[in-house]
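What follows is each chain in one-letter form.
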Amino acid sequence: MLFSNLNRKSFFEQLGSQQFDLLVIGGGITGCGIALDAALKGMKVALVEKNDFAFGTSSRSTKLIHGGLRYLKQLELKLVRDVGTERAVVHRNARHLVIPEKMLLPIVQAGTLGELSTSAALLVYDLLAGVKRSEWRTMLNKHETLKAEPLLAGEKLLGGGMYFEYRTDDSRLTIEIAKKAAEQGALLLNYIQAEDFIYENGKVCGAKVKDQHTAQQCQIRASTVVNACGPWVDLLRKKDNSLKGKRLQLTKGVHIVFAHSKLPIQQAVYFDVSDGRMIFAIPRGGVTYVGTTDTVYNQEIDHPVCTKDDVEYLLSATNKMFPSVKLNANDIESSWAGLRPLIHEDGKSPSELSRKDEVIVSENGLISIAGGKLTGYRLMAQKTVAIVQQQLGKNFDNTSTKGVQLSGGQFNSEEHFQHEKVKMADRAKSLGISQHVAEEWFYRYGSNMPVLLQNAEQLLGNHSASDTIHLAEWQYAVEHEMVLHPADFLVRRSGKLFFQHQPSQILISALVDFLAQKLNLNEQQSSMMLNQTLAVYQDAVSFN
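Just so we're clear, the structure is a prediction, and the values are computed from it rather than from any experiment. (Residues numbered from 1 in each chain as written. Predicted model: local features only at pLDDT ≥ 70, side-chain atom pairs only at ≥ 80, totals over all residues. Heavy atoms only, no water.)

Enquirer: Honestly, the overall build of the protein in this entry has me stumped. Any pointers?
Expert: In terms of helices and strands, the protein carries 17 helices and 18 strands. Radius of gyration (C-alpha) of the protein: 23 Å, near the 24 Å computed for a compact globule of 544 residues. C-alpha atoms of the protein, sized along the principal axes, occupy 70 × 60 × 45 Å. Pairs at least 24 residues apart make up 71% of the contacts formed inside the protein by residues separated by at least 6 positions. With the model as given, the accessible surface of the protein reaches about 22300 Å², and the carbon-plus-sulfur share is 49%. Of the charged side chains in the protein, 60 are positive and 58 negative; the average position of the first set lies 3 Å away from that of the second. (Helix = DSSP H or I, 4+ residues; strand = E, 2+ residues; numbered from the N terminus. Rg over C-alpha atoms; globule rule 2.2 N^0.38 Å. Contact = heavy atoms within 4.5 Å. Areas by Shrake-Rupley, 256 points an atom, 1.4 Å probe, with all protein chains shown as cover. Lys, Arg positive; Asp, Glu negative; His and termini not counted. Charge placed at Lys NZ, Arg CZ, Asp CG, Glu CD.)

Enquirer: Just to check I follow, could you spell out the side chain of Glu479 for this structure?
Expert: Along the chain, Glu479 turns up in helix H13 (residues 465–480). Among the polar contacts listed, one links the side chain of Glu479 to the side chain of Lys518, at a separation of 3.1 Å. (Polar contact = N/O pair within 3.5 Å; in protein donor to acceptor, adjacent residues only side chain to side chain.)

Enquirer: Would you mind going over the nonpolar core with me for this structure?
Expert: Considering soluble globular proteins, one finds that nonpolar side chains tend to be buried as a cluster. Core analysis: the biggest nonpolar cluster contains 78 residues, and Leu15, Leu23, Ile25, Ile34, Val45, Leu173 and Leu188 have the highest contact counts within it. Of all the elements, helix H2 (residues 29–40) adds the most residues to this core, at eight residues. Leave out the neighbours within four places in its chain, and Leu15 touches Phe20, Ala46, Val48, Leu187, Leu189, Cys218, Gln219 and Ile220. Among the nonpolar cores identified, the runner-up in size contains 61 residues, and Tyr289, Ala438, Ala477 and Leu521 belong to it. (Core = buried A, V, L, I, M, F, W, Y, C linked by side-chain atoms within 4.5 Å. Buried < 20%, exposed > 50% of the residue type's maximum accessible area, 1.4 Å probe, protein only.)

Enquirer: What am I meant to see in unusual backbone geometry here?
Expert: Of all residues except glycine, most have a negative phi; of all peptide bonds, most are trans. Between Gly291 and the following residue, Thr292, the backbone shows a cis peptide bond with an omega angle of 20°. Relative to the assigned elements, Thr292 resides in the loop between strand E14 (287–291) and strand E15 (295–296). You will see that Ala110, though not glycine, has its phi angle at about 60°, which is positive. Of note in this structure, Asn241 is not a glycine but carries a positive phi near 55°. With respect to the element layout, Asn241 can be found in the loop between helix H7 (233–239) and strand E11 (248–259). We classify Asn241 as exposed; its relative accessible area is 68%.

Enquirer: Would you take a moment to explain the pairing of E14 for this structure?
Expert: Regular strands place their side chains on alternate faces of the sheet. Burial analysis of E14 places five of its five residues in the buried class, the great majority of the element. Because side chains alternate across E14, one face comprises the buried residues Val287, Tyr289 and Gly291, and the other comprises Thr288 and Val290, equally buried. Here five bridges tie E11 to E14, and the two strands are oriented antiparallel to one another. When the sheet's bridge partners are listed, His255 is paired in E14 with Gly291. As paired strands, strand E13 (residues 278–284) and E14 are joined by five bridges and run antiparallel to one another. Within E14, the position partnered with Ile282 by the bridge is Tyr289. Hairpin connection of E13 to E14: two residues between the antiparallel strands, including Gly285 at a positive phi of 60°. (Pairing = 2+ DSSP bridges.)

Enquirer: What is the right way to read the pairing of strand E16 (residues 332–343) from this model?
Expert: Here E16 lies mainly inside the structure; eleven of its twelve residues are buried. Pairing of E11 with E16 involves eleven bridges; the strand directions are antiparallel. Paired with Thr251 across the two strands is Arg340, which belongs to E16.

Enquirer: For this particular structure, what's the right way to read the packing of aromatic side chains?
Expert: When we look at a pair of aromatic rings, we describe it by the centre distance and by the angle of the planes. Under the definition given, this model contains 16 aromatic pairs. Every member of this aromatic cluster is reached through a ring pair, and the members are Tyr289, Trp336, Phe498 and Phe499. Positioned above the aromatic ring of Trp336 is the side chain of Lys63, whose terminal nitrogen or guanidinium carbon lies 4.8 Å from the ring centre. (Phe/Tyr/Trp six-rings, centres within 6.5 Å; stacked < 30°, edge-to-face > 60°. Lys NZ or Arg CZ within 6 Å of the ring centre and 35° of its normal.)

Laid out in structure tokens, this is it:
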């Protein structure tokens, strides 16, 4: 059955009528990774998410699969080694989404690292992270650094280090994991709220859930339950009456987006801020985004926003490092704010808190996982599923996700990847689709791109070329990626709201009409959907 909300009624009925080995609550990258790992081992798995997949932290990161260079400062060598090694694994399993790119680290007077310490840190990083030789760091003098990035402030510049990080699309990585889990037999459904737990003999054995779309309710029965709700983890621990001992400390991270012409850097830059932190400036398509902040957050979890203080902090830091660009708030095209679910440690600032993950098992058997990094999702899943197996007391397949290519990642090698890229571009050209769009689709959908081209071929006779491109993509999103609301596509399946926000505004109304027709919505539902989407758009392009 297609991974589509067109099958929502059937999926919901299955949730309430079957007995599962594992119920995962939370559809971010951690929860979806757990569902995939468990399904591969032969477990019967259900996953529910109260919003959309990747709604929270998993769509609001810096969008890097990186080895955690900054964690060397905190001497978290195992964390650097683990996530560095994982970076290569995630790249192999999703080549279309995890792309190596040069990163420049300017060395400045009174900066975080000096010339010798930068060289040593990058070397240790390369060794710990298992970086392949062709991507080892290169040290640059001042002249070479300015040649690599002419916009840098020259006065305090001493030199630089050039190394490799891997850019990704965090929310697309999450949905590709979810799709792969569904391929392996897991039942995943978005917009399902877990309202309470079910217990038998003092042990958690499922959850009472509500469909946010239809208001229907049911009970999901499962032998084990994992709480993978990211920033919401402690809320579920509280429902389980097990919120004691270790707790979350939420911190907020904000990114702001400029037209690339406003900040025309030649590669990504990781640079010092006067408060001792470091932030990224990353070119992507026609934009450059800058982030992130790191501040304690104690407000509404569902709706973190970019504030004027966040904007001023990032603008000040960027203008000091790239003084000729003279950016101001009017240059910001969009922004996003996300929350990091870190483990609280007394006396530590947000930036000092460890990014290590933590698994907490309650007396009632609820397994909660928090903390961790985007890059380490697979290892977090592996650790959690091992505890699930212990609770189940059964033997399952020993299959590992290490060599499992994700949905869209069906490529045997880099050569195969590049061959398919050319092949898809040629086929797209024969349909009147530009090379720019073809490349955008290939790096978004990978080996699933032929489905979009087939959609386009069927639509061409009845629609203009531009409408065909939009409709082919929307059709794929509804039929294969569980899109239920416009923001699911605009924010989390395509990123268009952040990275192509002007075209997105024009298309919102047309997308609402398309979804209303596909999902059989009435006029009132369509109007509500339009208003909700315009509110999401407004959040992305304004700050308080």
